[in-house]
Amino acid sequence: MLRHAVQRLLLAVPVMFGVLLVGFLLMQVVPTDPAVVRAGPNASAEIIEAIRRDLGLDKPLWLQFFLYLGRLAQGDLGVSIINNVPVAQELGTTIGPTLELMVASLVWSIPLGLFLGTIGAYWRGSLIDRAVMAISVAGVSVPVFFLGLVLIWVVGFQWQWLPFTGREGPLWTWQGLRAVILPAITLGGVFVGPVARMTRTAVLDVLGADHVRTARAKGLPERIVVLRHALRNAMVPVVTLIGLQIGFLLGGAVVTETVFSWPGVGRLAVGAILSSDFPMAQGTIIVLSLGFILVNLTVDLLYGVLDPRVRAA
Amino acid sequence: MTPLLEIQGLRTVFRSANGDIAAVDGVDLTVPRGRTLGIVGESGCGKSMLSLSVMRLVPPPGRVAAGRVLLEGRDLLTLSTAEMRAVRGGQVAMIFQEPMTSLNPVHPIGLQITEAMRAHDPRASAAELRDRAIAALERVRIPAPARRYDEFPHQLSGGMRQRVMIAMALACKPKLLIADEPTTALDVTVQAQILDLLRDLQQETGMSIILITHDLGVVAEMADEVAVMYAGRVAERASARDLFGSPQHPYTLGLLGSVPRLDEDRERLLAIEGAVPPPFALPQGCRFHPRCPFAIEACTKAQPPLEAIEPGHLAACIRAPVESAVELTP
Ligand SMILES: Nc1ncnc2c1ncn2[C@@H]1O[C@H](COP(=O)(O)OP(=O)(O)OP(=O)(O)O)[C@@H](O)[C@H]1O
Ligand code: SF4
Ligand SMILES: [Mg+2]
């Protein structure tokens, strides 16, 4: 188990390096010259040149990359071109809300997806099963922004039940909790379908396995047969598949945050890209990629926890 | 004394586009107390469907369509789901052919034994169940049972896993153990050990065993009574001594002919050609006639009933007893 974990961690290092390299190169290929942007519209050529030297932009590319890595290591992600705020500081204040939104979305959508997929598989071909399939197809095909806008229009605007712009405090306060409900339904809502579909397939597969027949031959109640001997085994592939969907979920978070003006990394990224604030955009991309890598790492480790055969290896 | 288990007119079918297809078609069997009934037959003749029917575990789209399964006079087919659950693993337990896949790979074997016990004895404490499970592992001669208790199936060999299956099956002291090809997947030495173990455990507990196999050698060694199945029906039924001493059905003769017998110089003219017909393509009349060296015109007309040739020795063949038939064959 420990070896498995260390192995996975070591594998994540080159991936992280690749992400940083891509983030760095992205800055090189954008058509805008940061020195020009920084200097402002009326600056003279000398001033621009001075700023370029100041930013190290006159040095060779490989050296720039290592200088950049050095700054990163010190937590220096540059400053916003737009308002001179340090990127690291902006990221620091937006990561929390993004994590909040993620947790609030996953905490209900994954259990619901597991539940729907399991009952669909157990009563395969029944009305329940067809309803589950319909829900998951709908969940896969409805775009995040559309679901978000409908919720804002109906629940927020027409019925005025819940707030729909921005965050109103931490999750454990009543106001904060109310504010996260609609964004969390939006982002979680598009996740229920895929989870239900993957769970249904995996549980269906396990229900036909020999060990399930053994469990029934022992006289176990169906509840235990399904939970302990079907769903529990199905979790091994399902967790992997959920991990693969996390990129999709991050994309959904960007859209959800934008639609609901949720002050997270996703909205920060969109704002930065729209205003050509490259250091800021780069910072958000690094953070989102890091999140992606971390989630995959967690999934890999979970896989080891769930499957004793992997654990032993 | 009533027999422990009596199967009457059992019919198990699979629903298909062309109507029901019978995998088990009118089987009558009796399992005496404390004895072993061997069921033999080639692959696909319905042995597993028969045993799963007794457990009411026939996988859909299959179902038991007719018949009675009387356990000490109580028809299992009419029990409620909850009552049947109490029977499974309680009075009737079952072990399967594939020890590799019959245990759940993600749970330690200790849990898989104790959950069977808990299902039938919900009030037992965790510590008590643990002790009982370790004792059960010890009874099936698993070395270092306390350590094995926390191990996972992949850490055990095939033979050890089958022992765990047996320990699990016997956890609640069933009156009947159904063993569906328990040793087919194991190599020969392990096979012999498992059979020895089953025999010893039967002696200790007095349980009855239904032993399903396509290995006549295993039946000869283990069974008191034998039923030979062919294409979903019983072809011949007798005590092991009578069946091997004076087989009456041409199919049995064929099966015996396909066992190499060095002690006899009888010619092996009786080895059977062809394969068991699938349940959706059964021939008219006697189901064995396309492969039967003794077949005559009348065999293609009507299905011969299972009839007593001598007391306690039944065969479903219009030409039985075959001593005379052998002479009749040109
Ligand atoms: N799901 C199914 N649908 C239709 N027919 C089936 C199904 N499962 C089994 N059968 C049929 O039932 C018949 C009996 O199968 P069964 O598994 O009982 O044979 P068996 O005697 O146990 O053979 P083996 O020695 O290979 O285990 C087979 O001929 C098979 O065609
Ligand atoms: S009834 Fe006829 S075909 Fe069937 S086993 Fe007897 S001799 Fe053979
Ligand atoms: Mg079988």
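Values in this document were obtained by computation on a predicted structure and should not be read as measured data. Within each chain, residues carry numbers counting from 1 in the order of the written sequence. Chain A is the first chain written and ligand 1 is the first ligand written, with later ones labelled in order. Predicted model: local features are reported for residues with pLDDT of at least 70 only, side-chain atom pairs are reported and counted for 80 or more only, and whole-chain, interface and lining totals are derived from all residues. Derived side-chain values reflect all non-hydrogen atoms in the structure, with water molecules and hydrogen atoms excluded from consideration.

1. A few points about the confidence of the model for chain B
All names here are of chain B.
Thinking step 1. What pLDDT reports is the predictor's confidence in each residue, on a scale of 0 through 100. Looking at chain B as a whole, the pLDDT averages 88, with 93% of positions reaching at least 70.
Thinking step 2. Looking over chain B, one finds the lowest element-wise mean pLDDT in helix α11 (residues 322-328), namely 52, and the highest in strand β3 (residues 36-40), namely 96.
Thinking step 3. When the criterion is pLDDT under 50, residues 259-263 qualifies, and its contacts beyond four places in sequence or with other chains add up to 3 contacts.
Thinking step 4. In the predicted structure, residues 265-270 sits below a pLDDT of 50 and forms 7 contacts with residues beyond four places in sequence or in another chain.
Thinking step 5. The complex prediction reports pTM at 0.85, with the ipTM value standing at 0.88. By definition, any uninterrupted DSSP run of H or I lasting at least four residues is a helix, any uninterrupted run of E lasting at least two residues is a strand, and each is numbered from the N terminus. What makes two residues a contact is simply this: any of their non-hydrogen atoms within 4.5 Å.

2. Some thoughts on the interface of chain B and chain A
Thinking step 1. Taken together, the contact between chain B and chain A spans 26 residues of the former and 21 residues of the latter.
Thinking step 2. Summing the contributions of chain B and of chain A, the shared interface buries around 2000 Å²; its carbon and sulfur component is 61%.
Thinking step 3. Defined in terms of a 1.4 Å probe, buried area is the accessible area two parts forfeit on being brought together, summed over both. In terms of surface lost to chain A, no three residues of chain B exceed R85(B), V106(B) and E115(B), which account for 27% of the buried area on that side.
Thinking step 4. Basic side-chain nitrogens of Lys or Arg form a salt bridge, by our definition, when they fall within 4 Å of a carboxyl oxygen of Asp or Glu. Our count for the contact surface shared by chain B and chain A stands at 2 salt bridges.
Thinking step 5. The salt bridge involving E115(B) is made with R228(A); its shortest N-O contact spans 2.5 Å.
Thinking step 6. Throughout this description, a polar contact denotes any pair of N or O atoms lying within 3.5 Å of each other; where both atoms belong to protein, one of them has to be capable of donating a hydrogen while the other can accept it, and for residues adjacent in sequence the pair is counted only when both atoms sit in side chains. Joining chain B to chain A, the criterion identifies 12 residue pairs in polar contact (both at pLDDT 80 or more).
Thinking step 7. Put simply, the parts of the chain that give the side of chain B that touches chain A at least two residues each are α1 (47-55), α3 (109-120) and α6 (158-169) of chain B.
Thinking step 8. In the side of chain B that touches chain A, the residues fall into 14 nonpolar, 8 polar and 4 charged. When residue character is reported, Ala, Val, Leu, Ile, Met, Phe, Trp, Tyr, Cys and Pro are called nonpolar, Asp, Glu, Lys and Arg charged, and the others, Gly included, polar.

3. Some details on the site of ligand 2
Thinking step 1. Being near a molecule or strand, for a residue, means having at least one of its heavy atoms within 4 Å of it. Taken together, the neighbourhood of ligand 2 is formed by 13 residues, with C286(B), H289(B), C292(B), C299(B) and C317(B) sitting nearest.
Thinking step 2. Looking at the shell around ligand 2 residue by residue, the class counts come to 10 nonpolar, 2 polar and 1 charged.

4. Section: the environment of D205(A)
Residues and elements named next belong to chain A.
Thinking step 1. Within the fold, D205 resides in helix α8 (residues 174-207).
Thinking step 2. Since its relative accessible area comes to 61%, D205 is described here as exposed.
Thinking step 3. When the C-alpha atoms of D205 and A230 are compared, they prove to be 8.6 Å apart, with 25 residues separating the residues in sequence. Each residue is placed in one exposure class: buried if its accessible area under a 1.4 Å probe, protein chains only, is under 20% of its type's maximum, exposed if it is over 50%, and partly exposed if it falls in between.

5. Section: the nonpolar core
All names here are of chain B.
Thinking step 1. Counting 98 residues, the largest nonpolar core has L5, L29, L50, I166, L177 and I178 as its most contacted members.
Thinking step 2. The leading source of residues in this core is α6, at 7 residues.
Thinking step 3. The contact partners of I166, leaving out residues within four places of it in the chain, are I95, V140, I194, L197, L198 and L201. Nine residue types can take part in a nonpolar core, namely buried Ala, Val, Leu, Ile, Met, Phe, Trp, Tyr and Cys, and a core is a set of them joined through side-chain atoms within 4.5 Å.

6. Some remarks on the side chain of K47(B)
Thinking step 1. Tracing the sequence through the fold places K47(B) in helix α1.
Thinking step 2. Residues contacting K47(B), with those up to four places away along its chain left out, are I39(B), V40(B), G41(B), E42(B), E181(B), I212(B), T213(B) and M229(B).

7. So, the confidence of the model for chain A
Thinking step 1. When pLDDT is averaged along chain A, the result is 88; 99% of the residues meet or exceed 70.
Thinking step 2. When the elements of chain A are averaged for pLDDT, helix α2 (residues 34-39) of chain A gives the smallest value, 74, and helix α9 (residues 210-217) of chain A the largest, 95.

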